[in-house]
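Inside the fold
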Amino acid sequence: MKIFIKFLLLTTLFLTLDASILHFKEYKLKGKQKGDTLLVFGGIHGNEPGGYFAPAILASHYKVNKGTLIVIPNLNFDSDIRFVRGLYGDMNRKFVKIKKRDPDFETVKEIKKIILSKKADLILNLHDGHGFYRKKWENVVFNPKAWGQALIIDQMKIDGPKYGNLDKICKNIVEKVNKSVFNNIHVFHVKNTKTRAKDEEMRKSLTYFAITHHQPALAIETSKNIHDTTTKVFYQLLAIEGFMQNMGIKYKRDFKLDKKHIKALLKEYGKVKINSRMMIDLTRARSFINHIPIKLKGNKFVFSHPLGAPIRKKRYFQLKVGNILVTTIKGDYFKLSNKKPTIEIISNGKKINATNIFKVKVDKSFIVKAPTNIRVNVIGFTLKNHKNEANIVIPVNKIDKRYSIYKDLGAYRIEFYDKKNRYIKTIIAEVKD
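Residues numbered from 1 in each chain as written. Predicted model: local features only at pLDDT ≥ 70, side-chain atom pairs only at ≥ 80, totals over all residues. Heavy atoms only, no water.

**Quick word on the overall build of the chain**
Within the chain, the secondary structure is distributed over nine helices and 26 strands. Projected onto its principal axes, the C-alpha positions of the chain cover 80 × 45 × 45 Å. Within the chain, contacts between residues separated by at least 24 positions form 68% of all contacts whose residues are at least 6 apart in sequence. For the chain, the accessible area works out to roughly 20,600 Å², and carbon and sulfur atoms hold 51% of it. Taken as two groups, the 84 positive and 38 negative side-chain charges of the chain have centres that lie 5 Å from each other. (Helix = DSSP H or I, 4+ residues; strand = E, 2+ residues; numbered from the N terminus. Contact = heavy atoms within 4.5 Å. Areas by Shrake-Rupley, 256 points an atom, 1.4 Å probe, with all protein chains shown as cover. Lys, Arg positive; Asp, Glu negative; His and termini not counted. Charge placed at Lys NZ, Arg CZ, Asp CG, Glu CD.)

Structure below.
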């Protein structure tokens, strides 16, 4: 039961597969002590994973004790899971003018509303940019036109706001971050685009929209020429923490900020609940899972990971975390039953009430106790002359390992159907080591 409750607390995203556009999620981490507010946007460009995995970790693994941290990791969610800059065009060029029929219209409208709400004392927009920014031309990778490894400001300062001196603040952050870079190539600089005078395209951007409405804002750009996401996420978090410290926001994280621990976090994909009837641990899931009971349409997936989302292709569903394809499931269509039968699983002499849970631990064998009008199907197990596998002994070594739902084997689906063959739920039986 603890696992289920913890999952519900982690759950952050409802997705209806029939929806045409996935929507971003806002996380608010508020400390007991009042303080300043930092607003972090990520994922406005879907081909920049450093820009969305960093805020996903920020939302999931940080706790704020003083001040407030507002995190939106997946602004451009449709693009993030498809690993394209902008599925409907460049979202970061739609903050001056956007047509109502543009698929990004509602998203951009809501982002503007958040910015204009004046909740934030400072706004960060996270990106991965090409090359390595340098004030003087060195070559095609290291030059003034590059964007990577830089804090991007539209102008030096905004008069009035507490954090309006953007140039000074960013230079302080850069000095701190550069003490922890892995080599001299990765050093950060401050890039002032002087947007109002020199950059017409940047006048259409999120940060400049904020600036024109007297909201201090800037971008953190790690380099696309750094090819491993772990390093980019490390630098993004390092810079964000620098801004939090500068603002007096006190925080804790549940991991050590280094590449080893970030790499491990990036391989944690969380859980997904399908139609409130089955729960899969995506970190352990096989790359392909066959014969998952689903509805013909209107299926609901709930992901615990901020970047979790499905892409449907007829009977197939790609379950993704950001741009990473975690697993593909193939569905079998069933009507859903409203029945909620009492279920008990007996293993090694212990009785487990499994009515309201989605997984159980079993030993060398188990028995599924269910009402006589409920059909039980243990996937991968066959016993001659038994179409219903309720109330019989199921030896674990007689279940075909090919049907284990997880890569580490030893986890098998127990499915329940009513007498009209309508699907009730799935419990995963995990074999104890």
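We are not done yet, so read on.
**A few points about the sheet that holds strand β20 (residues 350–353)**
One open sheet holds the four strands; their spatial order is β20-β19-β22-β24, and the pairing between them is antiparallel. In this open sheet, the two strands that pair with only one neighbour each are β20 and β24 (393–395). Strand-to-strand twist across the sheet, computed as the mean angle between neighbouring axes with direction ignored, equals 25°. (Pairing = 2+ DSSP bridges. Axes fitted to C-alpha atoms, helices over the stretch in contact; angles between N-to-C directions.)

**Some thoughts on helix α8 (residues 229–246)**
The terminal C-alpha atoms of α8 lie 26 Å apart, and with 18 residues this matches the ideal 26 Å at 1.5 Å per residue to within 8%. With 15 of 18 residues buried, α8 lies mostly within the body of the structure. Following α8 by one or two positions, Gly248 adopts a phi angle in the positive range, close to 75°. (Expected span 1.5 Å × (residues − 1). Buried < 20%, exposed > 50% of the residue type's maximum accessible area, 1.4 Å probe, protein only.)

**Quick look at the nonpolar core**
Core analysis: the largest hydrophobic core is formed by 80 residues, its most contacted members being Leu38, Tyr62, Leu124, Leu237, Phe243 and Ile280. The dominant element in this core, judged by the number of residues it contributes, is α8, at nine residues. If sequence neighbours within four positions are ignored, Leu38 has contacts with Thr68, Leu69, Ile70, Leu122, Leu124, Ile240, Phe243, Met244, Met247 and Ile249. Ranked by size, the runner-up nonpolar core spans 24 residues in total, among them Ala354, Val376, Val378 and Phe416. (Core = buried A, V, L, I, M, F, W, Y, C linked by side-chain atoms within 4.5 Å.)

**Some words on the pattern of salt bridges**
Summed over the entire model, instances satisfying the criterion amount to 21 salt bridges. As a salt-bridge pair, Glu26 and Lys119 come within 3.9 Å of each other at their nearest N and O atoms. Linking Glu26 in the loop between β1 (13–16) and β2 (27–30) with Lys119 in the loop between α4 (105–116) and β5 (122–129), this pair joins segments that are 93 residues apart in sequence. A relative accessible area of 27% places Glu26 in the partly exposed class. Exposure remark for Lys119: the relative accessible area of 42% places this residue in the partly exposed category. Of the charged contacts in the structure, one is a salt bridge between Asp102 and Lys94, with a shortest N-O distance of 3.0 Å. Classification of Asp102 as buried rests on a relative accessible area of 18%. Residues joined by salt bridges that share partners form a network here, namely Arg284, Lys359, Lys361, Asp408 and Glu430. (Salt bridge = Lys/Arg side-chain N within 4 Å of Asp/Glu carboxyl O.)

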